[in-house]
Amino acid sequence: RRTGNAAIADAGWTGGMALLTVWFAFWLAPHTARTWLIAGLAVAWALRLTHHVVYYRVIGRPEDGRYQAMRSFWDESAQFKFFLFFQGQALVAFVFALPILAALLAPSDGIHAWDMLGAPIWVIAVGGESLADHQLETFRNNPANKGKTCRVGLWRYSRHPNYFFEWLHWWAYVAFAVGHAAWWLTLFGPALMLLFLFKVTGIPHTERQAVKSRGDDYRAYQKSTSVFVPWLPKKNG
């Protein structure tokens, strides 16, 4: 209410995931080296994303276009509906934390073979997302690039490499949870993330805003570049 920037909800969502992971690790999961490894990875992912949202999307920044549109549509009832929206974010955080809980509870006397698959998936995914975020912010911070579309690094191969690697990250917990009776809960992570990215708040809104602000340059980018999975750009784009 004080800042008029509802994008802090995104930071609350990711920060809440870190808190839930700590709670799971200390009070629900066995206190083993494997628990601390998986919990440490999950918390590191959540805190990195929280810092990115706060530093690059909230502090000193105009409110994200998604929230501006919601605020305008809700008009006089915006504050009350944002309150309900924030509570919904807390519920979504809990649902997304269930894959992490299943991974922490998977029975093991030590590090097992599936953990050796989950850890590299996490490293590649979080490393790729961090790199994509860095490349985009570096591009945006150059005044000469104002009004232009980022085609640098990973953005040459995907229009949304940060979203792709965020989605890939959730498969790490699928591997970590193998052996637990509720391992299927981990499938909610990549499935729900894909749903959110393609149907709710991710790609559709981002693409509309990009076309609105960059016009034909972004339309050409759409024709030449994969929307999600990094792939070689089309030569005739």
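It should be emphasised that the depicted structure is a prediction, and the values quoted were computed from it without experimental measurement.

Reading the values: the criteria
Residues numbered from 1 in each chain as written. Predicted model: local features only at pLDDT ≥ 70, side-chain atom pairs only at ≥ 80, totals over all residues. Heavy atoms only, no water. Helix = DSSP H or I, 4+ residues; strand = E, 2+ residues; numbered from the N terminus. Buried < 20%, exposed > 50% of the residue type's maximum accessible area, 1.4 Å probe, protein only. Contact = heavy atoms within 4.5 Å. Areas by Shrake-Rupley, 256 points an atom, 1.4 Å probe, with all protein chains shown as cover. Lys, Arg positive; Asp, Glu negative; His and termini not counted. Charge placed at Lys NZ, Arg CZ, Asp CG, Glu CD. Patch = residues over 30% accessible without salt bridge, like charges linked within 9 Å, V, L, I, M, F, W, Y side chains within 5 Å. Salt bridge = Lys/Arg side-chain N within 4 Å of Asp/Glu carboxyl O. Phe/Tyr/Trp six-rings, centres within 6.5 Å; stacked < 30°, edge-to-face > 60°. Axes fitted to C-alpha atoms, helices over the stretch in contact; angles between N-to-C directions. Parallel < 35°, antiparallel > 145°, perpendicular 65-115°, else oblique. Left-handed = near helix turned anticlockwise from the far one by under 90°. Nonpolar A, V, L, I, M, F, W, Y, C, P; charged D, E, K, R; others polar. 1 Å grid on protein atoms, 1.4 Å probe; cavity = no way out; pocket = protein on both sides within 12 Å on 5 of 7 lines; lining within 4 Å. Points joined across faces, edges and corners; volume = space filled by probe spheres on them.

Undergrad: Where do I start with the overall build of the protein in this structure?
TA: Scanning the protein from terminus to terminus reveals 10 helices and 0 strands. Starting at the N terminus, the α and β elements of the protein follow one another as α-α-α-α-α-α-α-α-α-α. Expressed as a percentage of its 237 residues, the buried residues of the protein come to 44%. The contacts of the protein with a sequence gap of at least 6 include a subset with a gap of at least 24, amounting to 77%. Accessible surface, the protein as shown: approximately 12900 Å² in total, 67% of it carbon and sulfur. Taken together, the 23 basic and 14 acidic charged side chains of the protein have centroids lying 7 Å from each other.

Undergrad: Mind showing me how you'd approach a nonpolar patch on the surface here?
TA: A cluster of nonpolar side chains, namely Val22, Trp23, Phe26, Trp27, Leu28, Trp36 and Phe94, defines an oily patch on the protein surface of about 750 Å² accessible area. Among the elements that line the nonpolar patch, the one with the most residues is helix 1 (residues 8–27), at 4 residues. Mapped onto the elements, Phe94 comes out in helix 4 (residues 78–105). With relative accessibility at 38%, the residue Phe94 sits in the partly exposed group.

Undergrad: Help me out: how do you make sense of the packing of aromatic side chains in this one?
TA: All told, the structure shown has 24 aromatic pairs when counted by the stated rule. Ring centres 6.4 Å apart and planes at 55 degrees place the aromatic pair Tyr67 and Phe82 in the tilted group. Here Tyr67 is found in helix 3 (residues 65–74), whereas its partner Phe82 is found in helix 4, with 15 residues between them in sequence. By relative accessible area, Tyr67 is classed as buried at 2%. On the numbers, 6.0 Å between centres and 80 degrees between planes, the contact of Trp167 with Trp171 is edge-to-face. Residue classification places Trp171 among the partly exposed residues on the basis of a relative accessible area of 32%. Through successive ring pairs, a cluster of aromatic residues spans Trp13, Trp45, Phe96, Trp170, Tyr173, Phe176 and Phe196.

Undergrad: Got a minute to help me understand the packing of helix 2 (residues 33–58) against helix 4 in this structure?
TA: It is at 9 Å that the axes of helix 2 and helix 4 come closest, and there the two elements cross at 160 degrees. The pairing of helix 2 with helix 4 is recorded here as roughly antiparallel in orientation. Crossing of helix 2 against helix 4: the hand is right-handed. Between helix 2 and helix 4, the residues in contact are Arg34, Thr35, Ile38, Ala39 and Ala42 and Ile100, Ala103 and Leu104, respectively. Of the residues contributing to the contact of helix 2 with helix 4, the split by class is 6 nonpolar, 1 polar and 1 charged.

Undergrad: Looking at this structure, how should I read the layout of surface pockets?
TA: Put simply, the second largest pocket is a space of about 210 Å³. Taken together, Arg1, Thr3, Gly4, Asn5, Ala6, Ile8, Arg71, Gln79, Phe82, Phe83 and Phe86 form the lining of the second largest pocket. Ranked by residues supplied to the lining of the second largest pocket, first place goes to helix 4 with 4 residues. Its residues placed into classes, the lining of the second largest pocket shows 5 nonpolar, 4 polar and 2 charged.

Undergrad: What am I meant to see in the environment of Gly118 here?
TA: Inspection of the secondary structure puts Gly118 in helix 5 (residues 113–140). Under the relative-accessibility criterion, Gly118 is labelled buried at 0%. Each C-alpha atom of the pair Gly118 and Thr35 lies 13 Å from the other, and the pair is 83 residues apart in sequence. Once residues within four sequence positions are removed from consideration, Gly118 is found in contact with Ala172, Ala175 and Phe176.

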